Amino acid sequence: MPSDGHIWILGATGYVGRALSVAAMKEYPPARLITFGHRKMDARLMEESNHFVCPLNEISEGLLERYPPKKIFHCARMAGSSDRKRHTAAQKGAAANERLIQMLRKMKDSPVLIYCSGSLMYGPQTSEANEQTPLKPIGYARAYLQAEEPFLNARNERHLDARMARPAWILGPGSWFHAFFLDPAKKTGKVPYYGSGEQLMSVLSLKSCAEQLLRVADKGAPFSDQNLVCYAPLTQRDFSQILADILGLPTIRVPESALLKRHGKTVTEALCTSIPIGTLNDDWRTEWSREVSGLRTDLLELIHFDPFLRRS
Amino acid sequence: MSYYEEVGNYYDKDAVDFEQRYWKNPVLQRIRQSFREEVKQLPFRRALEIGFGPGFDLIHFARIFPEAEVCGLDVSQEMVQLAQQKIDAHALANARVGQGSVEHITEQFPETSFDLIYVFFGALNTVEDIERAFECLSDRLEEGGRMVLTFVNKWYLQGMLIELLKGRPVQAFSRLKKVWGGYSPTEFLASRCYSPAEIGRCAERVGLKLFTHSGYSIFSPAWYYHGLNRRLPGRLRQAAWDLDRRIADGPLGGLGEYVLYDLRKKGSK
Ligand SMILES: C[S@@+](CC[C@H](N)C(=O)[O-])C[C@H]1O[C@@H](n2cnc3c(N)ncnc32)[C@H](O)[C@@H]1O
């Protein structure tokens, strides 16, 4: 058994989990990296880590004994495509998380657990939300708070060094960026912004999110919250404008009512609420530039990899 | 030319394609992952893989279990070379490979015994005498040791039905014959498919206990039904896989395309 313990990644085949696993492969040999996926097959994870296809609620104590984790990265938030499904998923997630906590409590040296949450947990803000800002979840986060409560409780009671990582809007292939910005731009020839466009958003790239998550385990304070941020917050209109400049397209305002009609309350809340994110833990984050010009580079990179745009 | 020269030549020619085909086939990847998880269920100190091919699993196990030793025997010189290149590339001091058939374990690994022997994707479907092969394996397996053997199965019911529907009765029942020509429609490789009952008898003869057997591709299409796998919606494919896993250890498991056997030698926990 590796003397420095194992690194577990739960939800390794998911959006953040996959990127985190790839970043972790650069730091840890396959013997130390235990990844858990569910359903989706991933040849790279199969080869470069000790991989298990196993839902969160079926991880056994036997595995904890055999590969005792020193760090657990939890990116296995159970998701749902409607409010009702999200609620059910959150209930299941809460039960699975509680079960995991009980198993971890039995370990001689309990590990540090980094839970990948989201910054929608902070809700509407007039100035930058930091780690001391109380949680007021909106949009998707309303249901998902229930799933992370077992970790918040275990942390409050000092049973587990659970660190809640709250990444800003994660910019990567697929996801909200494609669904609400790039795809409509490709379809209509105009880059949308929603509502007034004055709402502030904080964005970070998927790669930087993965790298920062890894650092939270080493450099974050025990029992802490850690906002994962990169660029200074910008208005959604400015965000759309940067994208529009790159694509050589105009922007278009999509009224909140139109968004509401098309996608419902949860999506509208998520896209139209101003949630600028900052952090009180800037000390270990110097390797990630906060220059907004970096955002342009990230967007260029993303678009470059978009097959549709590459063809045109 | 001896039978093993024929088998070796067949895989020598196929080696590079074999590896490339695998990376493009998600069904094979999923099955392999499940095979690996079966092996990982129990810790081991020294493992032997028969028929490691390009070395997917031998290299993987050597990398994730650096404290264990993983040895391998394959009848194809080309496959041995491919695996050796990977061992060198990863500088694996705990992996060793040699050329030969299952009857040559002692020559390649003299005075070595194993607490795990595994065979993935059917190397034991191409042996001269399956009973003799079991004797050789059992002979090298330590007391309390475990064998995880996978075989191309004889009674692959779904395959029979599909071939009958395609109007190919000869294909449908080809696995029931004494000699099965292998997967390739163009290259003949004299092989033999076995039923769970036949494997059970072989195991019993050499004093191995059949712990479980588990079928693969019972309802979900086999790895080589490319068109079917492509056309089937993802959800349905997943549902078929889930169903297969639920019934795999029961009697219907014996009707899968592959069957995995978990055999234990006396003294096992
Ligand atoms: C179908 S391939 C499977 C390769 C590998 N185990 C995998 O999972 O990809 C069968 C392999 O077994 C080897 N093989 C076939 N018959 C064998 C025998 N009797 N003894 C040793 N190796 C054999 C072949 O050379 C080939 O590399």
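Look above for the structure.
All values derive from a computational prediction rather than experimental measurement.

Draft legend 1. Quick peek at the sheet that holds strand 6 (residues 208–216) of chain B. Residues and elements named next belong to chain B. In space, the seven strands of this open sheet follow the order 3-2-1-4-5-7-6, with mixed pairing throughout. Among the strands making up the open sheet, the edge pair consists of strand 3 (95–99) and strand 6. Strand-to-strand twist of the sheet, defined as the mean angle between neighbouring strand axes without regard to direction, takes the value 15°. Looking at chain direction, strand 5 (residues 141–152) and strand 7 (residues 258–265) are connected through seven bridges and run antiparallel. Paired with Phe151 across the strands is Val259, a residue of strand 7. The strands that helix 4 (residues 77–89) touches are strand 2 (69–74) and strand 3; relative to strand 3, the one it contacts most, it runs at about 165°.

Draft legend 2. View of the pairing of strand 4 (residues 69–74) of chain A. Residue and element names in this part refer to chain A. The element strand 4 is extensively covered by neighbouring structure, given that five of its six residues are classed as buried. In the sheet, strand 1 (residues 6–10) pairs with strand 4 via five bridges, with the strands oriented parallel. Along strand 4, the bridge assignment pairs Leu10 with His74. Where strand 4 and strand 5 (residues 112–116) come together, four bridges link them in parallel fashion. Its bridge partner lying in strand 5, Phe73 is registered against Ile114.

Draft legend 3. Representation of the pattern of salt bridges. Summed over the entire model, instances satisfying the criterion amount to 35 salt bridges over all chains. Linking Glu211 of chain A and Lys207 of chain A is a salt bridge whose minimum nitrogen-to-oxygen distance equals 3.3 Å. Here Glu211 of chain A and its partner Lys207 of chain A are both found in helix 7 (residues 206–219), four residues apart, which amounts to about one turn of the helix. Of the residues examined, Glu211 of chain A reaches a relative accessible area of 25% and is grouped as partly exposed. Residues Arg45 of chain B and Glu142 of chain B are paired through a salt bridge, measuring 2.7 Å at the closest nitrogen-oxygen approach. Taken together, the residues span a long stretch of sequence, with Arg45 of chain B in the loop between helix 2 (26–40) and strand 1 (46–50) and Glu142 of chain B in strand 5 at a distance of 97 residues. Through salt bridges with shared partners, one network takes in Glu27, Lys71, Arg215 and Asp218 of chain A.

Draft legend 4. Local environment of unusual backbone geometry. Residues and elements named next belong to chain B. We note that Ala91 has phi near 50°; this positive angle belongs to a residue other than glycine. Relative to the assigned elements, Ala91 resides in the loop between helix 4 and strand 3. Classification of Ala91 by relative accessible area gives exposed; the value is 64%. In this model, Phe121 sits at a positive phi of 65°, which is unusual for a non-glycine residue. By the secondary structure assignment, Phe121 is in the loop between strand 4 (114–119) and helix 6 (130–140).

Cut-off values and rules
- Residues numbered from 1 in each chain as written.
- Chains lettered and ligands numbered in written order.
- Predicted model: local features only at pLDDT ≥ 70, side-chain atom pairs only at ≥ 80, totals over all residues.
- Heavy atoms only, no water.
- Pairing = 2+ DSSP bridges.
- Helix = DSSP H or I, 4+ residues; strand = E, 2+ residues; numbered from the N terminus.
- Axes fitted to C-alpha atoms, helices over the stretch in contact; angles between N-to-C directions.
- Contact = heavy atoms within 4.5 Å.
- Buried < 20%, exposed > 50% of the residue type's maximum accessible area, 1.4 Å probe, protein only.
- Salt bridge = Lys/Arg side-chain N within 4 Å of Asp/Glu carboxyl O.

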